[in-house]
Amino acid sequence: MTTTADIITIALGKLDRDPKNVRKSYCKEGIEELAANIRADGYRLLQNIVVRKGDKKGRYFVTAGERRRLALCLLAEAGEINGDFPVEAKLREETDAISISLAENTMREDMHPVDQYEAFRIMADDGKPIADIAARYGSTETVVRKRLALARVSPALLGLHRNEEITYDQLTAFTLSDDHRRQEEVWNALPSWNRTGHAIRNALRDEAIAATDKRIRFIGGLDTYEGQGGVVRRDLFDERSQGHAMDVALVERLVAKKMETLASSVHAEGWAWVEVRTEMDWHGMRGYGRVFPVEAERSDAETKELETLRQEQEDIESLIEDEGGDESTEARLAEIASRISEIDREVYAASDLERAGVLITLDYTGEPAFHRGYLKPESAQVPLNGKAEPDNQDGGEPGTVADGPTAPVLTHSVTLVEDLTAQRTAALRLEIANNHRVALASVVHSLLLQTLLPHSRYHSCLDVVLTTRNLPALMKAPENNLALAGIEELRERYGYEVPGNPADMFEWCLDRREDELLALLAYAAAQSIDAVKDKYDHRKHERVHSEALAVAVGLDIGAYFEPTAESYFNHITRDGIEAAVSEAKGTDAARGIARMKKGEAAAYAEAQVKGTGWLPSPIRPASVVAQVNVVEADAIGLNNVLFEAAE
């Protein structure tokens, strides 16, 4: 050990993990990235570690810098540095160990994405390859590429992100275009309540908005849009299409203007606040409270009239149910309903209006929905006169509150409604069965809701249920699995394409080409495949079918899995390792394994098996398993051996 002022130099081999370090878990991938960074910088640490004296003479506990120690140890194990590699450290007392460790792990802050981009860009401008930049900064090539893509974004928008006025998701959406002026126009045109990454991407892509879109319906149709100078694209050969609005930004401005008018009229009712949102996020509303209207005071005469009307209403409904009555009878029923709504009305207390508010959204038809009586989290904590109640107490979604008297409506009994809707459902089933394209879009729509938009299954009337098994939870090292990485890439790609609002998903599916629908169907259906053999093996028949699937797609499992010490041999016995090497290379290659330590045997097996194409029996193709069984049966002189190819 050498000493210079406040810094001491200690051999790497004399450094130990500090039991008082508050951080107990470290990511293997992160350690490897840090080791790569240290290697790229000439095996130097940019920041000194902090140590205290250990329990044994000449040894030291690493109080702050355990990741750096582990990275150096990794380099030493690889033979890149020696065990006595000198490490500069700051010496501290034992009493400071926990506070220093806590500060080290909680006070640090990840590098800002824009700062990363600028640092990466300097090296990229100097001609450094992506891999070298990643190694230098202890990052991954994917992260480097994503940060460098920010070069496409306007400096003004980068500045807004620095000031935390734009989220990272919003910022990355602008990378779809390198037209800085267009990016800024889109940002300024979108209303503040609809500046999601999805909305930004749609605007930058100049995606046409169908006439059936709820936003077009809300503003009054394409005629209103054209009246404001908007361009419409119409396909003369598409009888279903009514046209598409080409200026997304103009549509958003018209929607925002009409929403603001609605908000002003609702605010005039006396509410404390009014907000406009693209859709209701019921999960995000859990912190909100709710106030409810109360029955308006009525006179004795009104109370008596109400009782009389309700009795008459019940009598007329019974008459209609028994196939009696005529047009005048139904007209009278409508009059009764209108009068009841006038008498039996509900109002909000003035004290509730002073602290509650209204959320205005669009439903799937393009009609405005007014969600009245919500209390923001800070207001919901203090009930007034015991009237505030937590929202959604019965577990269902909150509904809208009727505003004033309702128009006369024709009422039906529950049994009649069931009968009529059952007949309509039967007709719909037949029509869909004869319309293959709409049926395909409907199935894709239902499956995408369950795979890409979790908890949105109820937005489809198809009772098609997709279940998916959590495969990463069953793997020992899911982060290293190439197939999972490929699935995640598909999920990200399709996640960017589909609408974020479940209510918009069906129209979007109907607008897709059949080849696009088939690709989406393949992705969604694939998520339901379960060919896992657990300890109870309840899915024998399903796994037989999975073999047929594998043959149909020409699955080469060797492209996704390689038996290594880490992925396989460390997890079986030494006898098992010997048997595996015997299968792959013959008994001569397996000699001596019995005298090796387990770790040595695993490493030896990895080297021997590499390049042979050998695979563990549970994941071999069924045909290969069958061939192995036949060879083994012949070797011991057994005849008429029965076996199942998939076992």
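Everything numeric here is computed off the predicted structure, so don't read it as measured data.

*Asks:* Help me out: how do you make sense of the packing of helix α4 (residues 113–125) against helix α6 (residues 141–148) in this one?
*Replies:* For any two helices packed against each other, the geometry comes down to the angle between their axes and how far apart the axes lie. Between α4 and α6, the least distance of the axes is 8 Å, while the angle of their chain directions is 95 degrees. Relative to α6, α4 is oriented roughly perpendicular. Along its contact with α4, which presents Pro113, Gln116, Tyr117, Phe120, Arg121 and Ala124, the element α6 presents Val144, Arg147 and Leu148. For the contact of α4 with α6, the per-class residue count stands at six nonpolar, one polar and two charged.

*Asks:* Just to check I follow, could you spell out a nonpolar patch on the surface for this structure?
*Replies:* Judged by side-chain polarity, Leu482, Val553, Leu555 and Tyr560 come together as a nonpolar surface patch covering roughly 420 Å² of accessible area. Following the sequence through the fold, leucine 482 ends up in helix α20 (residues 482–497). Owing to a relative accessible area of 52%, leucine 482 belongs among the exposed residues under this scheme.

*Asks:* Is there a simple way to explain helix α10 (residues 197–204) in this structure?
*Replies:* Because an α-helix completes one turn every 3.6 residues, residues spaced three or four positions apart along the sequence face the same direction. Most of α10 is tucked away: seven of the eight residues are buried. Within α10, burial applies to Gly197, Ala199, Ile200, Arg201, Asn202, Ala203 and Leu204. In the core, the buried residues of α10 are packed alongside α8 (168–173), α9 (180–189), α13 (248–267) and α20. With a side-chain oxygen positioned 3.1 Å from the backbone nitrogen of alanine 199, the residue opening α10 is threonine 196.

*Asks:* How should I be thinking about the side chain of serine 446 in this particular structure?
*Replies:* Tracing the backbone through its elements, the reader meets serine 446 in helix α19 (residues 436–451). Not counting the four nearest positions on each side in its chain, serine 446 is found in contact with Ser460, Leu462 and Val464.

*Asks:* Sorry, what's going on with the packing of aromatic side chains here?
*Replies:* Two aromatic rings, taken as a pair, are described by how far apart their centres are and by the angle between their planes. Counted according to the given criterion, the structure contains six aromatic pairs. Note on tryptophan 271 and tyrosine 348: the rings are 4.8 Å apart at their centroids and 70 degrees apart in plane angle, and the pair reads as edge-to-face. You can see tryptophan 271 sitting in the loop between α13 and β10 (273–276) and its partner tyrosine 348 sitting in the loop between β13 (346–347) and α16 (350–353), a full 77 residues away along the chain. Looking at tyrosine 348, the relative accessible area reads 16%, which means it is buried. Measuring from ring centre to ring centre gives 5.1 Å for tyrosine 568 and phenylalanine 569, while their planes differ by 70 degrees; the resulting arrangement is edge-to-face. The class of tyrosine 568 is buried, set by a relative accessible area of 19%. One aromatic cluster is present, formed by Tyr568, Phe569 and Trp614 through successive ring pairs. Between the NZ or CZ atom of arginine 195 and the centre of the ring of tryptophan 187, over which it lies, the distance is 4.2 Å. The residue whose ring lies beneath arginine 290 is tyrosine 374, and the NZ or CZ to ring-centre distance is 4.5 Å.

*Asks:* Please clarify how the confidence of the model for the protein should be interpreted in this entry.
*Replies:* Close reading of the predicted structure is inappropriate where its pLDDT is low. In the predicted model, the protein carries a mean pLDDT of 77, and the fraction of residues at 70 or more is 80%. Here helix α27 (residues 622–635) stands out as the element of the protein with the lowest mean pLDDT, 42, in contrast to β10, whose mean of 92 is the highest. Under a pLDDT of 50 for its full length, residues 236–240 has, in the predicted model, three contacts with residues more than four places off or in other chains. pLDDT under 50 marks residues 624–647. Its contacts with residues more than four places away, or in other chains, come to 17 contacts.

Scoring rules and cut-offs
Residues numbered from 1 in each chain as written. Predicted model: local features only at pLDDT ≥ 70, side-chain atom pairs only at ≥ 80, totals over all residues. Heavy atoms only, no water. Axes fitted to C-alpha atoms, helices over the stretch in contact; angles between N-to-C directions. Helix = DSSP H or I, 4+ residues; strand = E, 2+ residues; numbered from the N terminus. Parallel < 35°, antiparallel > 145°, perpendicular 65-115°, else oblique. Contact = heavy atoms within 4.5 Å. Nonpolar A, V, L, I, M, F, W, Y, C, P; charged D, E, K, R; others polar. Patch = residues over 30% accessible without salt bridge, like charges linked within 9 Å, V, L, I, M, F, W, Y side chains within 5 Å. Areas by Shrake-Rupley, 256 points an atom, 1.4 Å probe, with all protein chains shown as cover. Salt bridge = Lys/Arg side-chain N within 4 Å of Asp/Glu carboxyl O. Buried < 20%, exposed > 50% of the residue type's maximum accessible area, 1.4 Å probe, protein only. Polar contact = N/O pair within 3.5 Å; in protein donor to acceptor, adjacent residues only side chain to side chain. Phe/Tyr/Trp six-rings, centres within 6.5 Å; stacked < 30°, edge-to-face > 60°. Lys NZ or Arg CZ within 6 Å of the ring centre and 35° of its normal. pLDDT = per-residue confidence, 0-100.

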